[in-house]
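# Reading the structure
These are the residues of each chain, in order.
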There are 2 protein chains.
Amino acid sequence: MNHGAGGKAMHTLIQQLFMTAFNNPILAQQNDQACFNVPINRLAMTTDSYVISPIFFPGGNIGSLAVHGTINDLAMSGAIPLYLSVGFILEEGYPLANLKIIVDAMAKAANQANVQIITGDTKVVEKGKGDGVFINTTGIGIIDDHIKLTNQVNPGDKIIVSGYIGDHGIAVMSKRENLQFTTAIESDSAALHELTHHMFEVVPDIHCLRDPTRGGLAATLNEWAKQYQVGISIDESLIPIRAPVKGACELLGIDPLYVANEGKLVVICSADKAEILLKAMQQHPLAQDAAMIGEVIEDPDCFVQMQTSFGGTRIVDWLAGEQLPRIC
Amino acid sequence: MNHGAGGKAMHTLIQQLFMTAFNNPILAQQNDQACFNVPINRLAMTTDSYVISPIFFPGGNIGSLAVHGTINDLAMSGAIPLYLSVGFILEEGYPLANLKIIVDAMAKAANQANVQIITGDTKVVEKGKGDGVFINTTGIGIIDDHIKLTNQVNPGDKIIVSGYIGDHGIAVMSKRENLQFTTAIESDSAALHELTHHMFEVVPDIHCLRDPTRGGLAATLNEWAKQYQVGISIDESLIPIRAPVKGACELLGIDPLYVANEGKLVVICSADKAEILLKAMQQHPLAQDAAMIGEVIEDPDCFVQMQTSFGGTRIVDWLAGEQLPRIC
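Per-chain numbering applies: the sequence of each chain, read as written, is numbered from 1 onward. Whichever chain is written first is A, and whichever ligand is written first is 1; the rest continue in order. Predicted model: local features are reported for residues with pLDDT of at least 70 only, side-chain atom pairs are reported and counted for 80 or more only, and whole-chain, interface and lining totals are derived from all residues. Processing note: side-chain calculations cover all non-hydrogen atoms of the structure and skip hydrogens and water entirely.

### Notes on the side chain of A:Thr196
Residues and elements named next belong to chain A. Put simply, the rule reads: Runs of H or I in DSSP of at least four residues are treated as helices and runs of E of at least two as strands, each being numbered from the N terminus. Polar contacts, as counted here, are pairs of nitrogen or oxygen atoms within 3.5 Å of one another; within protein the pair requires one atom able to donate a hydrogen and one able to accept it, and residues that are adjacent in sequence qualify only if both atoms are side-chain atoms. The contact criterion used is simple: two residues touch if any of their non-hydrogen atoms lie within 4.5 Å.
Here threonine 196 lies in helix H5 (residues 193-202). Within the structure, threonine 196 has its side chain in polar contact with the backbone oxygen of histidine 193 (distance 2.9 Å). Threonine 196 has contacts with Ala75, Met76, Leu209 and Leu265, leaving out every residue within four places of it along the chain.

Have a look at this one:
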């Protein structure tokens, strides 16, 4: 408990662990806030708390996820992510050695993405009042003038997904349920801002952009359909899903369309630019398997419908909850 | 659990509770990030997670505290707070009626302080893996050119506290321990940015400014002494402490210097401007009881020392932990 109490023990934790791992001049101001200049006045801000269980999973841990996830929410606005804040809520007795692995993963993910963690906070709660580690990251980024994300959609617009879906959720679920598969399934957790930067270079007036995390592809498409009062039609045979993920989903009785992703995005763009955008995406390492999976249609009921592999059509419903809790 | 699962239940919660309470055009973008322009390029950013127990206490609740606390961390840099993000971690089964009271308190506190809550996130964890509600707020503000906070101190500089200390911690502790006092003690939780704005108008080159929250006045003074490699000398008889707070501290066996405040600040300024600053502060409703309590001295040991009311001198040590956990 002393590590969260505002005294010498907390000071030592901050100095030895956080200041060393996240080392940068703005953090080194050592005040309760970070001060800095931004080169562009148009900003994006986003926040996410991460409560994933288990904390360590194939392909990452809560720390790398907390950096990637918040970077991605910034990237989806066309922003270049600049700075992150981090807030830890630790359960009393959580091993400092594990915390160090998490913090190092955050530092590595931030360095790789060229973002800086500039301010932070640590709270400790009693045993049984938390669950190891919860992390909040909040990010800000700048949006360059050439970004013309419209956030408007029209019937006929095309829908592209950047690669295989369901990897993150199934990787976490496998670890949680202690399932063994012949082929290892790893989380796709990755920072997508370089991919989005590349996409906006090619098509500045992308219509919509979102990363299908909690609730998966199905939730993202349903949110859009409802928000823009349109229908969406997708084709099951065009949606990239790895065979082991498909197998695991069958085993677990869950639908991959609802499974969280942490390194994928979905984009809507006008029909005349869809092929150009798709080709550009496929040239990027994080979207080699991008695929055009459907289009926006007129529909007063705002349904998401899918042509199934068997030739029929089904509604991809918006679930009340989710099959997989605490996936991020 | 469904309220945190990314599906329809979460959407409904967001629409009916958060969007209504925090209503503003930036939040209404309804994306995973908020986009906006800032009028000034010099920014401050701060983050805090709030895990206070109990969630409701005399003078406020976790919601108002989460708004005030983060506004204050911005204000201590001379920033005008503009925008907040909010991240909720809810324990499964926490009553929605209570959440509504908390959210309404946040909205009211934000409105009063003229800041907007522009982006948010909600996670739900299983019963026994959290403790009702944890809230992270992260804030950004702009720092006007006329703010010349030096963040440097010199021996001879004066130290001013903006009013009675210990109210917040003792109010929370009384509620937690179910103590009854003849005089009700309420938290001092308040947004201090208008007070700091007023202070910088009068003395633009304030040397240091901080709000003594966790660890109280003693932690703030010790942090400064260590950070700037100086000693600090204060006079016990000059420190404003309400009689009931003093009494409660004696009863509980704790030292008011270490008790958290949420509506007070401590400031260091040059000796020649101290009287002017003190007078200006006393004209503001939130610092009517401001007092000059001591000064910066040369001391290679970087001790905080106090002239006691009995005429002696004692070291105000930097505690390893704190007497009062989960006070904010």
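So much for the structure itself; the text now carries on.
### Notes on the pairing of strand E7 (residues 133-142) of chain A
Walk down a regular strand and you will see the side chains alternate between the two sheet faces. Residues and elements named next belong to chain A. Let me state the cut-off plainly: Buried residues are those whose accessible area, probed at 1.4 Å on protein chains only, stays under 20% of the maximum for their type, while exposed residues exceed 50% and partly exposed ones sit between those limits. DSSP bridges decide pairing: two strands pair if at least two such bridges lie between them.
Most of E7 is tucked away: 10 of the 10 residues are buried. Here E7 shows two buried faces, one formed by Val133, Ile135, Thr137, Gly139 and Gly141 and the other by Phe134, Asn136, Thr138, Ile140 and Ile142. The pairing of strand E2 (residues 42-50) with E7 spans 8 bridges and is classified as antiparallel. Looking at E7, one finds that serine 49 is bridged to asparagine 136. With 10 bridges joining them, strand E5 (residues 80-91) and E7 adopt antiparallel strand pairing. Paired with isoleucine 80 across the bridge in E7 is isoleucine 142.

### Some thoughts on the side chain of B:Asn31
Structurally, the position occupied by B:Asn31 is in the loop between helix H1 (8-21) and strand E1 (34-37). Within the local environment of B:Asn31, its side chain forms a polar contact with the side chain of A:Arg210, the two groups lying 3.0 Å apart. Setting aside residues no more than four positions away along its own chain, B:Asn31 makes contact with A:Asn151, A:Arg210 and A:Gln227.

### Things to note about the interface of chain A and chain B
Short version of the rule: Accessible-area loss on putting two parts together, using a 1.4 Å probe and summing over both, is the definition of buried area adopted here. One speaks of a salt bridge when a side-chain nitrogen belonging to Lys or Arg is within 4 Å of a carboxyl oxygen belonging to Asp or Glu. Side-chain classes are defined by residue name, with Ala, Val, Leu, Ile, Met, Phe, Trp, Tyr, Cys and Pro counting as nonpolar, Asp, Glu, Lys and Arg as charged, and the others, Gly among them, as polar.
Between chain A and chain B, the residue contacts involve 76 residues of the former and 76 residues of the latter. In total, chain A and chain B occlude about 5900 Å² of area from one another, counting both sides; carbon and sulfur atoms represent 53% of this. If you sort the residues of chain A by the area they bury against chain B, A:Met45, A:Lys123 and A:Arg214 come out on top, with a joint share of 13%. The tally of links from chain A across to chain B stands at 8 salt bridges. The partner of B:Lys123 in a salt bridge is A:Asp48, and the shortest N-O contact between them spans 3.3 Å. Joining chain A to chain B, the criterion identifies 30 residue pairs in polar contact (both at pLDDT 80 or more). Only helix H1 (8-21), strand E1 (34-37), E2, E5, strand E6 (116-125), E7 and helix H6 (216-228) of chain A provide two or more residues apiece to the side of chain A that touches chain B. Classifying every residue of the side of chain A that touches chain B gives 29 nonpolar, 29 polar and 18 charged. The pairing of E1(A) with strand E2 (residues 42-50) of chain B spans 4 bridges and is antiparallel. Following the sheet pairing, A:Ala34 is matched in E2(B) by B:Met45.

### Re the sheet that holds E5(A)
As a reminder, the rule being used: Orientation is described by lines fitted to C-alpha atoms, with helices fitted over the stretch in contact, and by angles between N-to-C directions that extend from 0 to 180 degrees.
Strand order in the open sheet formed by 5 strands is E6(A)-E5(A)-E7(A)-E2(A)-E1(B), and the pairing between neighbours is mixed. In this open sheet, the two edge strands, each paired with only one partner strand, are E6 of chain A together with E1 of chain B. Taken over all neighbouring pairs, the strand axes of this sheet differ in orientation by 15° on average, direction set aside. Each of E5, E6 and E7 of chain A is contacted by helix H3 (residues 96-113) of chain A, which is oriented at about 175° to E5(A), the strand it contacts most.

### Things to note about the packing of aromatic side chains
Residues and elements named next belong to chain B. Stated formally: Pairing of aromatic rings covers Phe, Tyr and Trp, the last through its six-membered ring, and needs centres within 6.5 Å; plane angles under 30 degrees mean stacked, over 60 mean edge-to-face, and all others mean tilted.
Summed over the entire model, instances satisfying the criterion amount to 7 aromatic pairs over all chains. Centroid distance phenylalanine 18 to phenylalanine 22: 6.3 Å. Interplanar angle 10°. Geometry classified as stacked. A relative accessible area of 8% means that phenylalanine 18 is categorised as buried. Measuring from centroid to centroid gives 4.9 Å for phenylalanine 18 and phenylalanine 88, while their planes differ by 10°, and the two rings are stacked. Here phenylalanine 18, found in helix H1, pairs with phenylalanine 88, found in strand E5 (residues 80-91); they are 70 residues apart in sequence, far enough to count as distant. Just as phenylalanine 18 is buried, phenylalanine 88 falls in that class too.

### Here we look at the environment of A:Gln29
Along the chain, A:Gln29 falls in the loop between H1 and E1. Taking the C-alpha atoms as reference, A:Gln29 lies 9.3 Å from A:Thr119; in sequence the two are 90 residues apart. Residues within four places of A:Gln29 in sequence aside, it is in contact with A:Ala34, A:Cys35 and B:Gln227.

### Some details on the environment of B:Ile170
Residues and elements named next belong to chain B. Here isoleucine 170 is to be found in helix H4 (residues 167-177). Assessed through its relative accessible area of 0%, isoleucine 170 is described here as buried. If near-sequence neighbours (up to four positions away) are discounted, isoleucine 170 is found in contact with Ile185, Val245, Ala248, Cys249, Leu252, Ile254 and Val259.

### Some words on the packing of H1(B) against helix H3 (residues 96-113) of chain B
Residue and element names in this part refer to chain B. Applied cut-off: Each angle receives one of four descriptions, namely roughly parallel if under 35 degrees, roughly antiparallel if over 145, roughly perpendicular if within 65 to 115, and oblique otherwise.
Between H1 and H3, the least distance of the axes is 8 Å, while the angle of their chain directions is 30°. Taken together, the axes of H1 and H3 are roughly parallel relative to one another. Where H1 abuts H3, its residues Leu13, Leu17, Phe18 and Ala21 lie against Leu96, Leu99, Lys100, Val103, Asp104 and Ala107.

### A few points about the pattern of salt bridges
One side chain can pair with another of opposite charge once the charged atoms of both are near each other. Counted by the stated rule, this structure contains 28 salt bridges over all chains. For B:Lys129, the salt bridge is made with A:Asp131, and the minimal N-O distance between the two is 3.8 Å. Residue B:Lys129 is found in the loop between strand E6 (116-125) and strand E7 (133-142), and its partner A:Asp131 is found in the loop between E6 and E7; the two belong to separate chains. By relative accessible area, which is 32% here, B:Lys129 ends up partly exposed. For the salt bridge of B:Lys158 with B:Glu295, the shortest nitrogen-to-oxygen distance reads 3.0 Å. Taken together, the residues B:Lys158 in strand E8 (residues 158-161) and B:Glu295 in strand E12 (residues 291-297) connect sequence positions 137 residues apart. By sharing partners, the salt bridges in this structure join A:Asp48, A:Arg214, B:Asp121 and B:Lys123 into a single network.

### With respect to the nonpolar core
As a reminder of what qualifies: Remark: nonpolar core denotes a set of buried residues (Ala, Val, Leu, Ile, Met, Phe, Trp, Tyr, Cys) joined through side-chain atoms within 4.5 Å.
In this structure, B:Phe22, B:Phe88, B:Met106, B:Ile135, B:Leu221, B:Ile239 and B:Leu257 are the most contacted members of the largest nonpolar core, which totals 76 residues. When residues in this core are grouped by element, the largest group, 8 residues, is from H3(B). Setting aside residues up to four positions removed in sequence, B:Leu221 forms contacts with B:Ile159, B:Ile232, B:Ile234, B:Val266 and B:Val304. Counting residues in each nonpolar core, the second largest holds 75 residues, with A:Ala110, A:Leu217, A:Ala225 and A:Ile232 among its members.

Purely geometric stuff here, so don't read any function into it on its own.
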